[in-house]
Amino acid sequence: MNASMRQLAVVTGASSGIGLELARECARHGYDLVLAADTPLGKAEAELSAMGVKVESVQADLATQEGVDKLYEALQGRTVEALLANAGHGLGKGFLDQDFSEVRHVIDTNITGTIYLIQLVGNDMRSRRGGRILITGSIAGFMPGTFQAVYNGTKAFIDSFSWALRNELKDSGVTVTCLMPGVTDTEFFERADLMDTKVGTQENKADPAEVARIGFKAMLDGEGDVVAGMKNKIQSAMASVTPSAMLAEQHRKMAEPGSAKQ
Ligand SMILES: NC(=O)c1ccc[n+]([C@@H]2O[C@H](COP(=O)([O-])OP(=O)(O)OC[C@H]3O[C@@H](n4cnc5c(N)ncnc54)[C@H](OP(=O)(O)O)[C@@H]3O)[C@@H](O)[C@H]2O)c1
């Protein structure tokens, strides 16, 4: 595609997993890219540039207002056609045993930084009456996350926020889509210290490339949300009619430390 015709997409959490795959989808569809993560993105930048689009990267902790400002400033007022707000991380173990600074980092990344960036970029989109926002929520938002309580809470927030923002923007030309993956084969479980759990060691995790393909298509189609995968669709439908106490007990079986051995 001619460089002057290419549109710009911003992908957060693009160093690995679902975010890297979303960035690949953007590149395949001819978007120039600004990538963000809190570790160096040189490898992703090189790979995606080789696909014939322009790629820049910003290293920033998106749990902080300064980190989000740094990313927004790097956009230098350019028109962002698509914002893929995907950065996020989990945190296993019982809530009372967690380090509170890590708890806070989960909330600040998954919620505060995510919605701050959406507010900045979303205002520009609304002013020019166009743009697409894809937010990575999770089917985890449908169930109380015993031994991942804070993470699931953040995703319940995101799943809900996404629908509300979509409705607020319904006549604005800006679409909001929530991608809700289930268990996906990424670095998520290692980073969240869940490798001694059943969910962390589960073998049939979804392919992040497939999850990203589904999410990207839903964004282009302007859908409200998309649950990636049939098994997850059934699980989320069941969750809406299952008592919370039962869901919390089911989650314990998946995420309790030591459950990998049982
Ligand atoms: N894997 C699953 O089963 C699953 C299921 C449902 C939803 N999700 C969601 O999918 C999204 C992507 O996760 P993933 O599974 O692809 O895991 P991943 O491979 O660990 O990728 C997470 C990405 O987010 C970035 N990130 C995390 N905290 C950040 C921060 N404070 N500032 C900047 N970047 C940050 C990471 O960057 P660095 O490399 O720089 O740390 C990385 O690029 C998350 O929102 C997650 O909650 C995952």
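This text goes with the structure placed above it.
Residues numbered from 1 in each chain as written. Predicted model: local features only at pLDDT ≥ 70, side-chain atom pairs only at ≥ 80, totals over all residues. Heavy atoms only, no water.

Undergrad: What should I look at first to understand the site of the ligand in this one?
TA: Close to the ligand lie 33 residues; Ser-15, Asp-38, Thr-39, Tyr-151 and Thr-186 are nearest. Within the side chain of Thr-39, a nitrogen or oxygen atom sits 2.7 Å from an oxygen atom of the ligand. In the model, an oxygen atom of the ligand is placed 2.8 Å from a nitrogen or oxygen of the Thr-184 main chain. Burial of the ligand by the surrounding chains reaches 96%, relative to a free accessible area of 880 Å². For the shell around the ligand, the elements supplying multiple residues, two or more each, are helix 1 (17-28), helix 4 (100-127), helix 5 (149-168) and helix 6 (188-191). Ranked by the residues each element gives to the shell around the ligand, the list is headed by helix 6, at 3 residues. Of the residues in the shell around the ligand, the class split is 12 nonpolar, 16 polar and 5 charged. (Near = heavy atom within 4 Å. Polar contact = N/O pair within 3.5 Å; in protein donor to acceptor, adjacent residues only side chain to side chain. Areas by Shrake-Rupley, 256 points an atom, 1.4 Å probe, with all protein chains shown as cover. Helix = DSSP H or I, 4+ residues; strand = E, 2+ residues; numbered from the N terminus. Nonpolar A, V, L, I, M, F, W, Y, C, P; charged D, E, K, R; others polar.)

Undergrad: Which parts of the structure should I look at to understand the nonpolar core?
TA: Proteins that are soluble and globular tend to have nonpolar side chains buried together. Judged by nonpolar contacts, the single largest core of 29 residues is most densely connected at Val-11, Cys-26, Leu-33, Leu-35, Leu-48 and Leu-84. Within the residue set of this core, elements represented by two or more residues are strand 1 (8-12), helix 1, strand 2 (32-37), helix 2 (42-49), strand 4 (80-85) and helix 8 (208-221). Looking at this core, the element that brings in the most residues is helix 1, giving 6 residues. Ignoring sequence-local partners within four residues, the contact set of Leu-48 consists of Ala-23, Arg-24, Ala-27, Leu-33, Leu-35, Val-53 and Val-55. Counting residues in each nonpolar core, the second largest holds 27 residues, with Leu-62, Leu-83, Val-121 and Ile-135 among its members. (Core = buried A, V, L, I, M, F, W, Y, C linked by side-chain atoms within 4.5 Å. Buried < 20%, exposed > 50% of the residue type's maximum accessible area, 1.4 Å probe, protein only. Contact = heavy atoms within 4.5 Å.)

Undergrad: Hey, could you run me through the packing of aromatic side chains in this one?
TA: The description of an aromatic ring pair uses the distance of the two centres, along with the angle that the planes make with each other. Evaluation of the coordinates by the stated rule reveals 4 aromatic pairs. Judged by centre distance (6.0 Å) and plane angle (15°), the ring pair of Phe-157 and Phe-161 falls under stacked. Highlighted residues: Phe-157 and Phe-161, both in helix 5, separated by 4 residues, approximately one helical turn. Here Phe-157 falls in the partly exposed class, since its relative accessible area comes to 34%. Members of the aromatic cluster, each reached through a chain of ring pairs, are Tyr-151, Phe-188 and Phe-189. A cation over a ring is seen here: Lys-205 above Phe-189, with NZ or CZ 4.9 Å from the ring centre. (Phe/Tyr/Trp six-rings, centres within 6.5 Å; stacked < 30°, edge-to-face > 60°. Lys NZ or Arg CZ within 6 Å of the ring centre and 35° of its normal.)

Undergrad: Would you explain the environment of Thr-242 in this entry?
TA: Within the fold, Thr-242 resides in the loop between helix 9 (230-239) and helix 10 (244-255). For Thr-242, a relative accessible area of 16% puts it in the buried group. In the structure, Thr-242 is positioned 170 residues away from Tyr-72 in sequence and 41 Å away in space, judged by C-alpha atoms. A polar side-chain atom of Thr-242 sits 2.6 Å from the main-chain carbonyl oxygen of Met-238.

These values are about where atoms sit, not about what they do.
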